[in-house]
Amino acid sequence: MTKAGASAQKTTKIIKRQTKHLRLQSSSFATLRSNLLLYSFGVGLAQAALISFVEKSSKVEDLERGFKSLVGGIGGSVDSLNKLQQATDNTVSKTDLLTEANNAMMLGVVKSDGEMAELFDTAQRLGQALGVDTKDAINSIVTGMGRQSKLMLDNLGIVVKSEDAYNRYAQKIGVSANELTDAQKKEAFNQEVLRVSSEMVDQLGTEYLSTGAQLQRMATATHDLSVSIGQVLTPIVHVLANAMVFLSKHFDSQKIKSYAIA
C-alpha cells in the first residue's frame with residue numbers, strides 16, 4: 001500500500017507537470033495565432049495603402065500627360081501648372097486642378113495659360129465670397145463658359161444676358177448681332193462672363209484667405225503628399241505586377257500539363 005501510494009503521488013506529479021506544459025503550449029499557440037492575425041492585418045493595411053497611393057499618382061500621371069499636350073496648344077509650358085497653383089493659392093489638389101485645366105482647354109474657354117490662371121483666380125475669389133470651395137467654383141465657371149450654361153454660372157452669382165453680350169461683341173467687331181456666327185456668339189458670351197466676373201471681383205476688394213481656404217490648403221497638401229508617395233512606390237508596383245503575371249502564367253502552364261498527363 002505504501003509503494004502504491006508513493007507511485008500514485010509520483011503519477012499525480014507527472015500529470016500536473018504535463019498539464020502545465022500543455023497550458024504553456026496552448027498559450028504559445030494562442031500568442032502565435034494572435035501575432036499571425038496582427039501580421040495579416042498589418043500586411044492588409046500596408047497593401048491597401050500602397051494601392052491607394054499608387055492609384056492617386058497614376059491618375060495624376062494620366063492627367064499630366066493630357067495637360068502637357070493641351071497646354072502646348074495655347075502657348076503654355078510645364079511651368080503653367082505652377083501658375084495655376086499660385087493663382088488658386090494651393091487650395092485645389094493637383095488632381096482636381098489638372099482635371100479642370102484640361103476641361104477648360106478642351107472646351108476652348110481659355111486662349112493662354114495666363115488667361116486660365118486669371119480665370120481660376122476669379123473663380124476662387126467668387127467662390128469664397130459665396131461659401132463655395134475652389135474646386136466647385138472653377139468647375140462652375142469653366143462649364144458655364146464652355147457650355148454657355150447660365151445655371152452653372154449662377155452658382156457664383158454671375159448673371160449674363162445673351163442679347164447684351166451679342167450686341168456688345170458685334171459692335172466691337174463692326175457687324176450686326178444678327179450676323180454673328182455660332183463661334184462668335186460663344187466668344188461674345190465668354191467675354192461677357194469675364195467682364196461681369198471681373199467687375200464682381202473688383203467689388204470684393206483685397207483678396208483674403210479665410211479659415212475655410214486654409215483648411216482647403218491643408219487638405220490639398222495632404223492629397224498631393226500622397227500622390228508624391230505613390231510616385232515613389234510606383235516602381236515597386238511594377239515589379240510586383242510583373243511577378244504576379246509570371247506566377248499566374250506559370251501555374252496555368254502547370255495545370256495544362258497535369259491535364260495532359262491525366
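Details of the structure are given in the entry above.
Residues numbered from 1 in each chain as written. Predicted model: local features only at pLDDT ≥ 70, side-chain atom pairs only at ≥ 80, totals over all residues. Heavy atoms only, no water.

J.: Quick question: what am I supposed to make of the overall build of the protein here?
T.: Secondary structure assignment for the protein yields nine helices and zero strands. Put simply, the protein runs from its N terminus to its C terminus through helices and strands in the order α-α-α-α-α-α-α-α-α. For the protein, the proportion of its 262 residues judged to be buried stands at 29%. Residue pairs in contact within the protein that sit at least 24 positions apart in sequence constitute 69% of those at least 6 positions apart. When the accessible surface of the protein is split by element, carbon and sulfur atoms take 58% of a total near 16,700 Å². (Helix = DSSP H or I, 4+ residues; strand = E, 2+ residues; numbered from the N terminus. Buried < 20%, exposed > 50% of the residue type's maximum accessible area, 1.4 Å probe, protein only. Contact = heavy atoms within 4.5 Å. Areas by Shrake-Rupley, 256 points an atom, 1.4 Å probe, with all protein chains shown as cover.)

J.: Hey, could you run me through the packing of aromatic side chains in this one?
T.: Each aromatic ring pair is described using two quantities: the centre-to-centre distance and the angle formed by the ring planes. One pass over the structure, following the stated rule, counts zero aromatic pairs. Cation over ring: Lys185 sits above Tyr166, and NZ or CZ is 5.7 Å from the ring centre. (Phe/Tyr/Trp six-rings, centres within 6.5 Å; stacked < 30°, edge-to-face > 60°. Lys NZ or Arg CZ within 6 Å of the ring centre and 35° of its normal.)

J.: Mind showing me how you'd approach the packing of helix H7 (residues 162-173) against helix H8 (residues 182-204) here?
T.: Each pair of packed helices gets described by two things: the angle between the helix axes and the distance between those axes. At their nearest, the axes of H7 and H8 sit 8 Å apart, and the two run at 105 degrees to each other. Of the possible angle classes, the one that applies to H7 and H8 is roughly perpendicular. Mapping the contact onto sequence places Ser162, Ala165, Tyr166, Arg168, Tyr169, Lys172 and Ile173 in H7 and Gln184, Lys185, Glu187, Ala188, Phe189, Gln191, Glu192 and Arg195 in H8. Considered class by class, the residues forming the contact of H7 with H8 number six nonpolar, three polar and six charged. (Axes fitted to C-alpha atoms, helices over the stretch in contact; angles between N-to-C directions. Parallel < 35°, antiparallel > 145°, perpendicular 65-115°, else oblique. Nonpolar A, V, L, I, M, F, W, Y, C, P; charged D, E, K, R; others polar.)

J.: Where do I start with the side chain of Asp113 in this structure?
T.: By secondary structure assignment, the location of Asp113 is in helix H4 (residues 113-130). Judged by its relative accessible area of 9%, Asp113 falls in the buried class. Within the local environment of Asp113, its side chain forms a polar contact with the side chain of Ser80, the two groups lying 2.9 Å apart. Among the polar contacts made by the side chain of Asp113, one reaches the side chain of Lys83 at a distance of 3.1 Å. When neighbours within four sequence positions are excluded, Asp113 is seen to be in contact with Ile74, Gly76, Ser77, Ser80, Lys83 and Leu84. (Polar contact = N/O pair within 3.5 Å; in protein donor to acceptor, adjacent residues only side chain to side chain.)

J.: What is the right way to look at a nonpolar patch on the surface in this model?
T.: Together, Met244, Phe246 and Leu247 give the surface a local cluster of nonpolar side chains, amounting to about 340 Å² of exposed area. Look at Leu247 and you get partly exposed, because its relative accessible area is 39%. (Patch = residues over 30% accessible without salt bridge, like charges linked within 9 Å, V, L, I, M, F, W, Y side chains within 5 Å. Salt bridge = Lys/Arg side-chain N within 4 Å of Asp/Glu carboxyl O.)

J.: Please clarify how the packing of H4 against helix H5 (residues 134-146) should be interpreted in this entry.
T.: Across the interface, H4 lies against H5 with an axial gap of 8 Å and an inter-helix angle of 120 degrees. The angle between H4 and H5 falls in the class oblique. Of the two possible hands of crossing, H4 and H5 adopt the one that is right-handed. When H4 is examined against H5, the residues Leu119, Phe120, Ala123, Gln124 and Gly127 are found in contact with a partner set consisting of Thr134, Ala137, Ile138, Ile141, Val142 and Met145. A per-class count over the contact of H4 with H5 returns eight nonpolar, three polar and no charged. (Left-handed = near helix turned anticlockwise from the far one by under 90°.)

J.: What exactly am I supposed to notice about H4 here?
T.: Given 3.6 residues to a turn, an α-helix orients residues that are three or four positions apart in the same direction. Taking 1.5 Å of rise per residue, 18 residues should cover 26 Å, and H4 covers 26 Å from first to last C-alpha, within 8% of that figure. Residues of H4 that are buried include every one of Asp113, Met116, Ala117, Leu119, Phe120, Thr122, Ala123, Gln124, Arg125, Leu126 and Gly127, and no others. At the exit of H4 stands Gly131, carrying a positive phi of roughly 75 degrees. (Expected span 1.5 Å × (residues − 1).)

J.: For this particular structure, what's the right way to read the side chain of Thr220?
T.: Structurally, Thr220 can be placed in helix H9 (residues 211-261). Residues contacting Thr220, with those up to four places away along its chain left out, are Asn90, Thr91, Val92 and Ser93.

J.: Quick question: what am I supposed to make of helix H2 (residues 80-87) here?
T.: Within H2 the residues assigned to the buried category are Ser80, Leu81, Leu84, Gln85 and Ala87. Buried residues along H2 cover an arc of 165 degrees about the axis, so they all sit on one side. Taken from the residues just after H2, Asp89 is the one with a positive phi, measuring 55 degrees. (Arc of directions from axis to C-beta.)

J.: Explain the nonpolar core here, please?
T.: Most often, soluble globular proteins keep nonpolar side chains buried together rather than apart. Ranked by size, the top nonpolar core spans 37 residues in total, and within it Phe67, Met116, Phe120, Ile141 and Ile158 carry the most contacts. Listed by contribution, the elements that provide at least two residues to this core are helix H1 (2-72), H2, helix H3 (94-106), H4, H5 and H8. With six residues, the top contributor of residues to this core is H4. Residues contacting Phe120, with those up to four places away along its chain left out, are Leu84, Thr88, Leu97, Glu100, Ala101, Ile138 and Val142. Grouped together as the second largest cluster of nonpolar side chains are five residues, Tyr166, Ala170, Leu180 and Ala188 included. (Core = buried A, V, L, I, M, F, W, Y, C linked by side-chain atoms within 4.5 Å.)

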